[in-house]
Amino acid sequence: MCRENCTFIEILRSVIIQNIRAITEQIIAAAHHANRNPSDITLIAVTKTHPPDVIMQAVAAGLHHLGENRVQEADEKITALAAERARLRWHLIGHLQSNKAKRAAHLFDMIHSLDSVALAERLNRHRAALEAVPPLPVLLQVNISGEDTKEGFAMRPDPTSARLDAFVQAVAAIAALPALDVQGLMTIAPYSDEPEQARPVFAALRTLRDQLRQHCPNLALPHLSMGMTNDFTVAIEEGATFVRVGRAIFGERPPLH
Ligand SMILES: *Cc1c(COP(=O)(O)O)cnc(C)c1O
């Protein structure tokens, strides 16, 4: 590690290493608190807005799961980091426009933001057209909190049976698509400085997953993608298997991201 005349990237590297160390300790503590195995939780480094040389500092520190929220931006970085492709797992965590489905089906290792049957059908068609690739792992994004601004299947903490039935139908239709592999659910809690505010949203996502399992016994739905910088420890206590963390690793982003 450098001691004097450090370059920007060397300083950033040591900050990122310290941040990842602190987050990892928090993940382990939250898991133990909930009687969970820390190795069941995967930390996704959310790399949106950050250039490849910055991303590489997190990769060098041991994070191989990377999250991007825009297809075009991810495409450029995946190309720039092509030499690392085999050891990296790229997750799409932002809204997917249908005209980007073809590219997304090719680029990503997992899509967290699947939010309609029509989009699923499109992704399935494009994934099926690729040669020698496994089914694309997908998570269904659910809007639990009812905020207008959030993408996802509209749900409530206590959904009516009609709403739940409609969601079960949608999940069953998506699960029947051969080139997609439905692995669970994803949500974004409303922004708050008070992490406990997010707990009911995360608990509701887990309950919804458990209800889906009862209705679709052939679906294991092992994954819950929930928790960001402000609330990932609460999400882990409520069952998160993927936490998506940006600012706690890389620092604040420019606004509007
Ligand atoms: C940006 C983003 C994150 C990471 O947010 P931080 O507050 O930086 O941890 C997680 N999930 C999604 C969907 C995002 O868009």
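In the block above lies the structure referred to throughout.
Residues numbered from 1 in each chain as written. Predicted model: local features only at pLDDT ≥ 70, side-chain atom pairs only at ≥ 80, totals over all residues. Heavy atoms only, no water.

A.B. asks: I keep staring at unusual backbone geometry and nothing clicks. Help me out?
C.D. replies: Despite not being glycine, Asn5 shows a phi value in the positive range, around 50°. A relative accessible area of 73% means that Asn5 is categorised as exposed. Despite not being glycine, Leu221 has its phi angle at roughly 45°, a positive value. The exposure class of Leu221 is buried, given its relative accessible area of 1%. (Buried < 20%, exposed > 50% of the residue type's maximum accessible area, 1.4 Å probe, protein only.)

A.B. asks: In this structure, what is going on with the site of the ligand? I would like to understand it.
C.D. replies: The environment of the ligand is made up of Val46, Lys48, Ile93, Ile188, Met228, Thr229, Arg244, Val245, Gly246, Arg247 and Arg253. Interatomic distance of 2.7 Å between a side-chain N/O atom of Lys48 and an oxygen atom of the ligand. Contacts to the ligand include Arg253, whose side-chain N or O atom sits 2.7 Å from an oxygen atom. Surface burial for the ligand is 93%, taken as the share of its 390 Å² of free accessible area covered by protein chains. Residues of the shell around the ligand, tallied by class, amount to five nonpolar, two polar and four charged. (Near = heavy atom within 4 Å. Polar contact = N/O pair within 3.5 Å; in protein donor to acceptor, adjacent residues only side chain to side chain. Areas by Shrake-Rupley, 256 points an atom, 1.4 Å probe, with all protein chains shown as cover. Nonpolar A, V, L, I, M, F, W, Y, C, P; charged D, E, K, R; others polar.)

A.B. asks: Which parts of the structure should I look at to understand helix α2 (residues 52–60)?
C.D. replies: Note: α-helices contain 3.6 residues per turn, so residues at a spacing of three or four share the same orientation. By the burial criterion, the buried members of α2 are Val54, Ile55, Gln57, Ala58 and Val59. Among the structural elements, α1 (8–33), β2 (65–68), α3 (71–80) and α9 (247–250) are those in contact with the buried residues of α2. Just beyond α2, the residue with positive phi is Gly62, at close to 110°. (Helix = DSSP H or I, 4+ residues; strand = E, 2+ residues; numbered from the N terminus. Contact = heavy atoms within 4.5 Å.)

A.B. asks: What am I meant to see in the packing of α1 against α2 here?
C.D. replies: The relative placement of two packed helices is expressed as an angle between their axes plus a distance between the axes. At a closest axis distance of 9 Å, the pairing of α1 and α2 adopts a crossing angle of 40°. When the axis of α1 is compared with that of α2, the two are oblique. Viewed along their axes, α1 and α2 form a crossing whose handedness is right-handed. On α2, the residues that touch Ile9, Leu12, Arg13, Ile16 and Ile20 of α1 are Asp53, Val54, Gln57 and Ala58. In the contact of α1 with α2, the residues fall into six nonpolar, one polar and two charged. (Axes fitted to C-alpha atoms, helices over the stretch in contact; angles between N-to-C directions. Parallel < 35°, antiparallel > 145°, perpendicular 65-115°, else oblique. Left-handed = near helix turned anticlockwise from the far one by under 90°.)

A.B. asks: Just checking my understanding: could you explain helix α6 (residues 161–175) for this structure?
C.D. replies: Helix length check: α6, at 15 residues, gives a terminal C-alpha distance of 20 Å against a target of 21 Å (1.5 Å per residue), a fit within 8%. Residues of α6 that are buried: Leu164, Phe167, Val168, Ala170, Val171 and Ile174. Seen along its axis, α6 keeps its buried residues to an arc of 165°; they face one direction. The exposed residues of α6 that point more than 90 degrees off its buried face are Ser161, Ala162 and Gln169. Turning to α6, the residues buried within the fold contact β4 (110–114), α5 (117–128), β5 (136–143), β6 (153–154), β7 (180–186) and α7 (199–215). (Expected span 1.5 Å × (residues − 1). Arc of directions from axis to C-beta.)

A.B. asks: Explanation requested: the pairing of β4 in the structure shown.
C.D. replies: Regular strands show a simple pattern: their side chains alternate between the two faces of the sheet. With respect to burial, β4 is a largely interior element, five of its five residues being buried. Sheet topology places strand β3 (residues 89–92) next to β4; two bridges connect them, and they run parallel. Residue pairing for β4: His91 is matched across the bridge by Met110. Of the crossover connections in this fold, the one passing from β3 over helix α4 (residues 101–107) to the parallel β4 is right-handed. (Pairing = 2+ DSSP bridges. Right-handed = clockwise from strand over helix to strand, strands pointing away.)

A.B. asks: Is there a simple way to explain the packing of α6 against α7 in this structure?
C.D. replies: Contact geometry for α6 and α7: axes closest at 11 Å, N-to-C directions at 65°. What the angle tells us is that α6 and α7 run roughly perpendicular. Of the two elements, α6 crosses α7, and the hand of that crossing is right-handed. Of the residues in α7, those touching α6 at Leu164, Phe167, Val168 and Val171 are Leu208, Gln211, Leu212 and His215. A per-class count over the contact of α6 with α7 returns six nonpolar, two polar and no charged.

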